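Letter by letter, the chains look like this.
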Amino acid sequence: MRSVLLIVAVLLLIQICAGFEVSSQSVRPGEDITLSGTASPGERVQFRSSFSMVLPVVNGMYSYESTVEIPQKPNRFSVSVKNVQDLNLGVRMGIWLTRRIEATGGSVSLSHRDVPPGRYTLKIFGNALPGASHVKVDVTAETEVRADQNGGYRLAIDTSGVPEGEYRIESAGDVKVVRITSASGSRGDSVTSEVSETESVETVSEVRITPEVVRWYANMSGLRMENTTQYQEVEAQLRQRLKGGYWKIIRRGEPLTEQAGDCEDEYCLVRGVGACTSCREKELAILRARSGDGVKKSESVESAAGGINSSIESPEADRGIVRRFIDWLLGLLRMVLG
Amino acid sequence: MKVVVISLVCIALLSVADAGLTGEAIIYFNCNDFIKVPRMVYGDNLTYPLDLLPVYTENQTIDITFEATNTSEVSLRISRLDASKMLRFVENGSEVRFEIGAPQNLSNAAGDLHLNSLTSGVYLVSVLDNRSSIISSVPMLVVKSNLTLDIPENVTAGDFLNVGVFLDGLGNVSKIFGVCMLSISDYECMKLIPGNDGLNVSFRNRSASLPLVKPSIPALMEMLDVLPEDGAVGMQESNETKADVLLMTSPESESGTFIVTAAVYAPGRGLIGLRQGRIEVLPAAP
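Residues numbered from 1 in each chain as written. Chains lettered and ligands numbered in written order. Predicted model: local features only at pLDDT ≥ 70, side-chain atom pairs only at ≥ 80, totals over all residues.

### Comments concerning the confidence of the model for chain A
Low-confidence regions, as indicated by low pLDDT, have predicted coordinates that should not be scrutinised in detail. Residue and element names in this part refer to chain A. As a reminder of what qualifies: Scored from 0 to 100, pLDDT records how confident the predictor is in each individual residue. Contact criterion: two residues are in contact if their C-beta atoms, reconstructed from the backbone, are within 7 Å.
Counting all residues, the mean pLDDT for chain A is 69, and 62% of those residues have values of 70 or more. Considering only residues more than four positions removed or in separate chains, one finds that residues 4-17, a stretch of pLDDT under 50, has 4 contacts. Contacts from residues 184-205, a stretch scored under 50 in pLDDT, to residues over four places away or in other chains number 63 contacts.

### Comments concerning the nonpolar core
Residue and element names in this part refer to chain B. The test is simple: Residues of type Ala, Val, Leu, Ile, Met, Phe, Trp, Tyr and Cys that are buried and joined through C-beta atoms within 7 Å form what is called a nonpolar core. Buried, partly exposed and exposed are defined by the number of other C-beta atoms within 10 Å of a residue's own C-beta, namely 20 or more, between the two limits, and 12 or fewer respectively, with C-beta atoms placed from the backbone. The helix and strand labels rest on DSSP assignments: H or I over at least four residues marks a helix, E over at least two residues marks a strand, and numbering proceeds from the N terminus.
In this structure, Val-163, Val-165 and Leu-247 are the most contacted members of the largest nonpolar core, which totals 134 residues. The dominant element in this core, judged by the number of residues it contributes, is strand β11 (residues 134-143), at 7 residues. The contacts of Val-165, once residues within four sequence positions are left out, are Leu-147, Leu-149, Phe-177, Val-179, Lys-242, Ala-243, Val-245, Ala-262 and Val-264.

### As for the sheet that holds strand β20 (residues 242-248) of chain B
All names here are of chain B. Rule in force here: Criterion used throughout: strands pair if DSSP finds at least two bridges between them. Only the stretch in contact is used when a helix axis is fitted, and all axes are lines through C-alpha atoms; the angle between N-to-C directions ranges over 0 to 180 degrees.
Spatially, 3 strands are ordered β12-β14-β20 in an open sheet, and the strand pairing comes out antiparallel. The sheet is open, and its two borders are formed by β12 (147-150) and β20, each paired with just one other strand. In this sheet, neighbouring strand axes are inclined to one another by 25 degrees on average, regardless of whether the strands run parallel or antiparallel. In the sheet, β12 pairs with strand β14 (residues 160-167) via 4 bridges, with the strands oriented antiparallel. When the sheet's bridge partners are listed, Asp-150 is paired in β14 with Gly-164.

### Observations concerning the environment of A:Gly253
Residues and elements named next belong to chain A. Relative to the helices and strands, Gly-253 is located in the loop between β15 (247-251) and β16 (267-271). Gly-253 gets classed as exposed once you count the C-beta atoms within 10 Å, which come to 9. Distance from Gly-253 to Glu-266, taken between C-alpha atoms, is 8.6 Å for residues 13 residues apart in sequence. Ignoring any residue separated from it by four or fewer positions in sequence, one finds Gly-253 in contact with Asp-262 and Cys-263.

See below:
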C-alpha cells in the first residue's frame, strides 16, 4: 500500500513539475505565444508574465501608448512605475477614459483584476521626477487556463504592446523567457526594454541613445520633436538606422571614419564597420532627402504599436480605471436618484 | 479661463400638452450656474425641457420668478425628485402625483419665490393651475459646495487637456474629481429616452439602457460605448480641495466648441459640486 502511495505521489510530483511549453522562443511584436502543457483534468493552471521597459523623459514627461488585448477572465494586471511624480492611465473604450494617480516617494504601483476582455488603446503618461531622464515601467499580467478532461491545456497570449526584449512567463515554478523581436532585425519599437537597451549600447558601442542624442538626430535630420510621440518616432528612426552596424554615432573630437578630420559637431553620424559603400550611398541619399523639407512618417516606425496586456488600478481599492469611473457614475446616480 | 458666472434665465416652456397638462408657464431661475444636459424625449413628438439645468449650492438663496398664461391663479411647489416617479410622470403625464410639500399658493399668475437654502439633491419646480394640474415643471439641482474650473481657452485635438477643479471646502475627505468633455454638436445629437426601467441613452446610431432604480456596472459599461468618440473623460481621487484632471483628446476630434462638465463626488456624501465650462478644440496639425 505504501509503495502504491509513493508511486501516486511521485506521479503527482512529476505532473506538477511537468512545466509548460511555449510555441516559440522568439516572436515578432504582436504575435501570439501559445503555452501548452499537462495538468490534472479540470485543473486551473495559472500563468504570470512580465516585462520591463524604460521610457524616455521629454520635457519632463514620459509617455507610452499601445493597443492592448485583454484576455478572458480571470485576469490580473499590475504596473509599477518609478522615477515619477504621477501616473496617468488612459484607456480608449470609444471615448477616452483617463485616471491620474499621484506617486508616493517617486513610485506608483497599481493592480487590477478581472479587466473586461477586449482590445483597447492604452496610454501611460505623466510627469517624471525633476532631473530624471528615464522612467522604468514594470508590467505583470496574470491569467489562468483550465485543463481539459485529459489534462491538456493551451493558452494563447497576445504580445501586442509588449516592447522588444525579454518576455518572462512563469507557471508553477517553471520560468520561460520568450524574446520579442522584429524578424527583419529592425528596431521599430518606440520603447526600449531593459534588455534591448543593453543591446543597443552594444550595437552603437560608442554613444548611448539618450534623449540628448535623439534631440541631436532630430535637428540633424530636420525631424520635428515637439512632443513625446514625435520623440518616440525620432528615436525609432535613429535605432533603425543604427541597427546592423551600417551607421554609428561618434562624439565631438572623435575621428571620422568616412570624412576628413574629427567630428566637429556635438555628435556625428558616420558609417560603421559593417557598411558597404553602396548601402552607405543609399543611406546618404535618404538622409539628404530627409533633411530637406519632407519627412515621411511611414518611414519612421515599423512596429511602434504594441500593447501591454493590462488594465490598471489602485491596489487599495482593487479596482481599475474603468471600474472606478463606473463606480463614480454609480455614486452620482445613487445620489441623484435617491 | 475661469468659468464665467452667468445669471441664468432658465426657461421651461410647456411642451407636454398631449400628456394632459394645460396652460403654459415660464420659470426663470436667477442662479449663478447651470449645466447643459441632453434633451429628454418621450412619446412620439414630446420633449421634456431638460436642456439647461440650474445648479445652486446648499447655502445659496434660490430666486425663482415665474409667469403663467391661460390661467388666473397658479401655485408653485418644489419637490425632491424621485427618479422612478419622475419616469412614471413622464409616461403618464399629470396622473402621477409627486410626494411634495404644501404648494405655495399665489393669487396671481406670476410671482417670485425666495428660498434661503435647500439641502443637496435634485428638485422639481412645478407650476400648478387652480385645479392643481401641473402647468410646467423644471428640474433643479442643489449641490453642497461651489466648484470652480480652470480651463484653457482652447486645446489642439490630440493634446492633453488639464482641467483645474477647485472646491470650496470639504478638505481631508476622500473625493473623486471627474471631468467629462463632449462637443456641443454631440450634445445636440444625444437623447435621453425614458422607459419602464430607466433611461435609454441614445447617440446617433448607438444606444444603451441605463437603469435608474438599480444601475449596474454592465449597464454603465454599455453606456460608455454609446458616448461619442470625440469626447473624453478623466478622473482623479484626492483628499484635497483641488485637483488637476487630465483629459486625453483624440487627434481625430472634430474642431469646435466642447462642453466640459466637472463633478466632485464623495463616497457617503453624494454629489459635492458640479460645474460646466466650455473650450474650443482646434484641429490637429496636419
